[in-house]
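One-letter residues, chain by chain:
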Amino acid sequence: MKDVYLFSGFLGSGKTSMLTDVIRQLKEANLKPAVIMNELGKLPFDSQAVEEDVPLKEMLEGCICCSGAEKTEAQIQSLLHDQEFDVLIIETTGAAHPVEALDAVYSPLFADKLNIKGIVTVADSRLWLNRSNLTPQVRSLFMEQIRHAHLLLANKTDLLTESEQAQVVYELQGFNAKAFILQTTNGRVPLKLLQNIQSTARVSKDDIVTARIGESFNLGSRLIRFDTSFTQEQFENWVRSLPDTVYRMKGYVPIEGIKNPMLFQYAYGMVQWLPEYIKMEPNLVIIGENINTLEII
Ligand SMILES: Nc1nc2c(ncn2[C@@H]2O[C@H](COP(=O)(O)OP(=O)(O)OP(=O)(O)O)[C@@H](O)[C@H]2O)c(=O)[nH]1
């Protein structure tokens, strides 16, 4: 039996950071991981976090729940058929409901092959404290991902004071009493803790508060291509001018005087720049609500 973990968490909370670190630990323990990854944006940036020797299936354009259980089944089946692996990690997009994603892997086809361990949710601790600023639909999805976790990471603790950290853990435990809660930075979770998850019985679909991409939830992604370069200041000024309903941006931005476009990441007001040693296409994905009306730099 192969262990299966579902990694959940809202956009930019730290799922990819967790995935990279868990893959490292699995390899150190001589366990071979395989990954199914979903990406709401159009560029498979995050797949760069997975080294080439790890079997990877990507589902671009949408999430496990929207693309249907059949597609996930087909991907798992092809992994089982073509690849040797011990552990399967399914990273759901930040816009998927974890229980719907979990449901997709509970296929009778795999009943004797897959041991579904459960949902690991990474929550951005600062976002938890500021959740009242989210639109109702997004808040509902953010809270659902937390409510259904078997293991819950209160991530980005480095951005909080000690008393805020204590408040987050206290509140999270009150909200999801069954989850084991771990305070983390960069999604670092010891492998032993993952392996010890005892997933409870299947969650009933009736227990799901609907919060998915649909008419009432205008979460979408937009791809921009840059023809000119900017100063970092110019670019960050534009970022600051964007509405709060832009949740996540990532991509490569051409910066004046710097050879290759820089890797740019944005999640909830926090900006991160990293130099890139290869020349990546100057593309940026923006994820948020009603982003088609945004003014682009
Ligand atoms: N300060 C701080 N930043 C973090 C931490 N964990 C992750 N980040 C940063 O947050 C951003 C998002 O992290 P990812 O691991 O890509 O998050 P994700 O959930 O995979 O994001 P999606 O691509 O939207 O699914 C990156 O810029 C990370 O470097 C943390 O513990 N502290």
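A quick note: this is a predicted structure, and the numbers were derived from the prediction, not measured.

> Would you mind going over unusual backbone geometry with me for this structure?
With the exception of glycine, the majority of residues adopt a negative phi angle, and the majority of peptide bonds are in the trans configuration. If you check the backbone angles, Lys156 has positive phi at about 60° while not being a glycine. In this fold, Lys156 is placed in the loop between strand E6 (151-155) and helix H7 (162-175). One non-glycine residue, Asn290, lies in positive phi territory at about 50°. Within the secondary structure layout, Asn290 lies in the segment after strand E12 (283-289).

> Quick question: what am I supposed to make of the nonpolar core here?
One broad rule of soluble globular proteins: the nonpolar side chains tend to lie buried together. Residues Phe10, Leu152 and Leu172 are the most contacted members of the largest nonpolar core, which totals 24 residues. Those elements giving two or more residues to this core turn out to be helix H5 (125-129), helix H6 (136-147), E6, H7 and E12. Top element by residues in this core is H6. It accounts for 5 residues. Counting residues domain by domain, this core receives three or more from each of domain 1 (2-200) and domain 2 (219-293). Among the nonpolar cores identified, the runner-up in size contains 22 residues, and Met18, Leu19, Val122 and Leu182 belong to it.

> What am I meant to see in the pattern of salt bridges here?
Think of it this way: side chains of opposite charge can pair up when their charged atoms draw near. Scanning the model with the defined rule gives 8 salt bridges in all. A salt bridge links Asp21 to Arg24; the shortest N-O distance between them is 2.8 Å. One end of the pair, Asp21, and the other, Arg24, are both in helix H1 (residues 15-28), 3 residues apart, so they sit about a helical turn from each other. Overall, Arg24 belongs to the partly exposed group, its relative accessible area being 38%. For Arg24, the salt bridge identified is with Glu28, shortest N-O distance 3.1 Å. Taken together, the positions of Arg24 and Glu28, both in helix H1 and 4 residues apart, correspond to about one turn of that helix.

> For this particular structure, what's the right way to read the confidence of the model for the protein chain?
The pLDDT averaged across the protein chain works out to 83; a share of 82% of its residues lies at or above 70. Here helix H2 (residues 64-67) stands out as the least confident element of the protein chain, with mean pLDDT 46; E6 is the most confident, with 97. Low pLDDT (under 50) marks residues 60-67, which in the prediction has 23 contacts with non-local residues, meaning those over four places away or in another chain. Segment residues 208-216 is flagged for pLDDT under 50; beyond a separation of four residues in sequence, or across chains, it makes 20 contacts in the model.

> Would you mind showing me how to read H6 here?
Owing to its 3.6 residues per turn, the α-helix aligns residues three or four sequence positions apart on the same side. Helix length check: H6 (12 residues) gives 16 Å between terminal C-alpha atoms against 16 Å at 1.5 Å per residue, within 8%. Every buried residue of H6 is accounted for by Val138, Ser140, Leu141, Phe142, Met143, Glu144, Gln145 and Ile146.

> It is not clear to me how the site of the ligand should be interpreted in this structure. Could you clarify?
Close contacts around the ligand come from 19 residues, with Thr16, Ser17, Asn186, Arg248 and Lys250 the closest. Gly12 places a main-chain nitrogen or oxygen 2.9 Å from an oxygen atom of the ligand. Separating an oxygen atom of the ligand from a backbone N or O atom of Asn186 is a distance of 2.6 Å. When isolated, the ligand has an accessible area of 650 Å², and the protein chains bury 88% of it. At the level of secondary structure, the elements contributing two or more residues to the shell around the ligand comprise H1 and strand E9 (246-253). Per-element tally for the shell around the ligand: the top contributor is H1, with 3 residues. Grouping the amino acids of the shell around the ligand by side-chain chemistry returns 3 nonpolar, 10 polar and 6 charged.

> Just to check I follow, could you spell out the packing of aromatic side chains for this structure?
Two numbers describe a pair of aromatic rings. These are the distance of the centres and the angle of the planes. Taken as a whole, this structure holds 10 aromatic pairs when the rule is applied. Ring geometry for Phe10 against Tyr247: centres 5.7 Å apart, planes inclined by 75°, an arrangement best described as edge-to-face. Taken together, the residues Phe10 in the loop between strand E1 (2-8) and H1 and Tyr247 in strand E9 connect sequence positions 237 residues apart. Given a relative accessible area of 2%, Tyr247 falls into the buried group. Considering the side-chain rings of Phe226 and Phe230, the 5.4 Å spacing of their centres and the 85° angle between planes classify their relative orientation as edge-to-face. The two residues Phe226 and Phe230 agree in class, both being buried. Chaining the aromatic ring pairs together yields one cluster made of Phe226, Phe230, Phe235, Trp238, Phe264 and Trp273. The ring centre of Phe85 lies 4.8 Å from the NZ or CZ of Lys2, which sits over that ring. Cation over ring: Arg131 sits above Trp128, and NZ or CZ is 3.9 Å from the ring centre.

Each value, and the rule that gives it
Residues numbered from 1 in each chain as written. Predicted model: local features only at pLDDT ≥ 70, side-chain atom pairs only at ≥ 80, totals over all residues. Heavy atoms only, no water. Helix = DSSP H or I, 4+ residues; strand = E, 2+ residues; numbered from the N terminus. Core = buried A, V, L, I, M, F, W, Y, C linked by side-chain atoms within 4.5 Å. Buried < 20%, exposed > 50% of the residue type's maximum accessible area, 1.4 Å probe, protein only. Domains from an automatic or database assignment. Salt bridge = Lys/Arg side-chain N within 4 Å of Asp/Glu carboxyl O. pLDDT = per-residue confidence, 0-100. Contact = heavy atoms within 4.5 Å. Expected span 1.5 Å × (residues − 1). Near = heavy atom within 4 Å. Polar contact = N/O pair within 3.5 Å; in protein donor to acceptor, adjacent residues only side chain to side chain. Areas by Shrake-Rupley, 256 points an atom, 1.4 Å probe, with all protein chains shown as cover. Nonpolar A, V, L, I, M, F, W, Y, C, P; charged D, E, K, R; others polar. Phe/Tyr/Trp six-rings, centres within 6.5 Å; stacked < 30°, edge-to-face > 60°. Lys NZ or Arg CZ within 6 Å of the ring centre and 35° of its normal.

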